[in-house]
Amino acid sequence: TQTTRPQRMLAAVQKNATRGDPRSVVKAIDQFCRQKEWAMNVGDEKGCILDSVVTEVNPATVLELGTYCGYSTVRIASLLPSNAKLITLEFNPDYAAIARQVIAWAGLEDKVQLVEGASGDWIPKMKEKFGIETFDLVFLDHWKDRYLPDTKLMEECGLLRKGSILLADNVICPGTPDYLEYIRNSPRYKSQYFKSHLEYTKVEDGLEKSVFLG
Ligand SMILES: Nc1ncnc2c1ncn2CCCCCNC(=O)c1cc(-c2ccc(F)cc2)cc(O)c1O
Ligand SMILES: [Mg+2]
């Protein structure tokens, strides 16, 4: 029977990457996506911007919305200090099953909690279920029409503190116009656009980094 693209991506990781070596996992996925099949990972170009933001923030608590196959999960978790926690939400159980194996191959399962379900359902439960006060960094990479409602939800649930950083993928392609309009015009955020390209292509895309001012 036919395998899925995430299954073929995992096979490429298990074939070409070294267990316990997150950089080799990232490299194997990028090679698979450039040489074999495009896939919607944040990719190597935007991934470097992601890395620089994670390193600058040095977060103790991270929320990732939209795990997919775990590529950005591995990039982020590999840069976290030992006591830091990354919670990643994935709606699609098939993607989640692959992501768990990718994260395990990278040896990062102790830093990552992958939760299956919709962001709108889980954001209100973060404090009670995971003992989270606030998130130092949120990486938005899920349904593009959920970026705005989920940001408002995080504000309402008190999950953001003065200085919390939101980093949003795909603000140009596929695009998140309502989110951009809100976050760039709200007096409660200071935003910065990092121009880049849609993963593995020459199409323009970028990351929007926003600081919550409280
Ligand atoms: N916990 C949760 N709650 C709600 N939704 C949830 C979720 N967990 C997952 N999802 C559902 C997200 C499904 C994937 C989201 N990402 C995308 O849709 C995405 C698409 C492109 C793309 C660009 C140009 C093209 F021509 C085609 C595709 C690129 C990207 O970098 C993307 O991140
Ligand atoms: Mg994306």
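Quick caveat, the model's predicted, so the values are computed rather than measured.

What counts and what doesn't
- Residues numbered from 1 in each chain as written.
- Chains lettered and ligands numbered in written order.
- Predicted model: local features only at pLDDT ≥ 70, side-chain atom pairs only at ≥ 80, totals over all residues.
- Heavy atoms only, no water.
- Helix = DSSP H or I, 4+ residues; strand = E, 2+ residues; numbered from the N terminus.
- Rg over C-alpha atoms; globule rule 2.2 N^0.38 Å.
- Areas by Shrake-Rupley, 256 points an atom, 1.4 Å probe, with all protein chains shown as cover.
- Lys, Arg positive; Asp, Glu negative; His and termini not counted.
- Charge placed at Lys NZ, Arg CZ, Asp CG, Glu CD.
- Donors = N, O, S within 2.8 Å, 3.2 Å for Na, K, Ca; no water.
- Buried < 20%, exposed > 50% of the residue type's maximum accessible area, 1.4 Å probe, protein only.
- Phe/Tyr/Trp six-rings, centres within 6.5 Å; stacked < 30°, edge-to-face > 60°.
- Contact = heavy atoms within 4.5 Å.
- Axes fitted to C-alpha atoms, helices over the stretch in contact; angles between N-to-C directions.
- Parallel < 35°, antiparallel > 145°, perpendicular 65-115°, else oblique.
- Left-handed = near helix turned anticlockwise from the far one by under 90°.
- Nonpolar A, V, L, I, M, F, W, Y, C, P; charged D, E, K, R; others polar.
- Near = heavy atom within 4 Å.
- Polar contact = N/O pair within 3.5 Å; in protein donor to acceptor, adjacent residues only side chain to side chain.

**Considering the overall build of the protein chain**
Line of reasoning, step 1. Within the protein chain, the secondary structure is distributed over 10 helices and 7 strands.
Line of reasoning, step 2. Taken over C-alpha atoms, the radius of gyration comes to 16 Å for the protein chain, in line with the 17 Å a tight globule of 214 residues would show.
Line of reasoning, step 3. Along the longest, intermediate and shortest principal axes, the C-alpha atoms of the protein chain span 50 × 40 × 35 Å.
Line of reasoning, step 4. Of the roughly 9700 Å² of accessible surface on the protein chain, 52% is carried by carbon and sulfur atoms.
Line of reasoning, step 5. One finds the centroid of the 27 positive side-chain charges in the protein chain at a distance of 3 Å from the centroid of its 29 negative side-chain charges.

**Considerations on the coordination of the magnesium ion (ligand 2)**
Line of reasoning, step 1. Only Asp141 (OD), Asp169 (OD) and Asn170 (OD1) from the protein reach the magnesium ion (ligand 2) as donors, at distances of 2.0 to 2.2 Å.
Line of reasoning, step 2. Here the donor residues of the magnesium ion (ligand 2) are spaced in sequence according to D-x27-D-N. Here Asp169 and Asn170 have matching classes, each one buried.

**Observations concerning the packing of aromatic side chains**
Line of reasoning, step 1. Counted by the stated rule, this structure contains 6 aromatic pairs.
Line of reasoning, step 2. Aromatic pair Phe91 and Trp143: ring centres 4.8 Å apart, planes at 55°, arrangement tilted. Taken together, the positions of Phe91 in the loop between strand 2 (85-90) and helix 5 (93-105) and Trp143 in the loop between strand 4 (137-140) and helix 8 (147-156) put the pair 52 residues apart, joining distant regions of the chain.
Line of reasoning, step 3. Centroid distance Tyr147 to Tyr179: 5.6 Å. Interplanar angle 85°. Geometry classified as edge-to-face. A residue pair is termed long-range when its members are at least 10 positions apart, and Tyr147 in helix 8 and Tyr179 in helix 10 (residues 177-185) qualify at 32 residues. Tyr179 carries the same exposure label as Tyr147, and that label is buried.

**Notes on helix 10**
Line of reasoning, step 1. Listed in full, the buried residues belonging to helix 10 are Tyr179, Leu180, Tyr182 and Ile183.
Line of reasoning, step 2. Among the structural elements, strand 4, helix 8, strand 5 (165-168), helix 9 (171-175), strand 6 (189-197) and strand 7 (204-212) are those in contact with the buried residues of helix 10.

**Notes on the packing of helix 1 (residues 5-16) against helix 2 (residues 22-35)**
The description of two packed helices rests on the angle between their axes and on the distance between the axes.
Line of reasoning, step 1. Viewed as axis vectors pointing N to C, helix 1 and helix 2 meet at an angle of 130°, and their least axial separation amounts to 9 Å. In terms of their interaxial angle, helix 1 and helix 2 are classed as oblique. Two packed elements cross with a definite hand, and for helix 1 against helix 2 that hand is right-handed. Contacts between helix 1 and helix 2 involve Arg5, Arg8, Met9, Ala12, Val13 and Asn16 from the former and Val25, Ala28, Ile29, Phe32 and Cys33 from the latter.
Line of reasoning, step 2. Its residues assigned to classes, the contact of helix 1 with helix 2 shows 8 nonpolar, 1 polar and 2 charged.

**Focus: the packing of helix 1 against helix 5**
Line of reasoning, step 1. Interaxial distance between helix 1 and helix 5 falls to 10 Å at its minimum, and their mutual angle equals 10°. Between helix 1 and helix 5, the interaxial angle falls into the category roughly parallel. Contact residues: helix 1 offers Pro6, Gln7, Leu10, Val13 and Gln14, while helix 5 offers Tyr95, Ile98, Gln101, Val102 and Trp105.
Line of reasoning, step 2. Of the residues contributing to the contact of helix 1 with helix 5, the split by class is 7 nonpolar, 3 polar and no charged.

**Describing the site of ligand 1**
Line of reasoning, step 1. Neighbouring ligand 1 are 19 residues; Gly117, Ser119, Asp141, Asn170 and Glu199 lie closest to it.
Line of reasoning, step 2. Phe91 places a polar main-chain atom, nitrogen or oxygen, 3.0 Å from a nitrogen atom of ligand 1.
Line of reasoning, step 3. Asn170 is positioned with one of its side-chain polar atoms (N or O) 2.7 Å from an oxygen atom of ligand 1.
Line of reasoning, step 4. Here ligand 1 loses 78% of its free accessible area of 700 Å² to cover by the protein chains.
Line of reasoning, step 5. The residue makeup of the shell around ligand 1, split by class, is 9 nonpolar, 5 polar and 5 charged.

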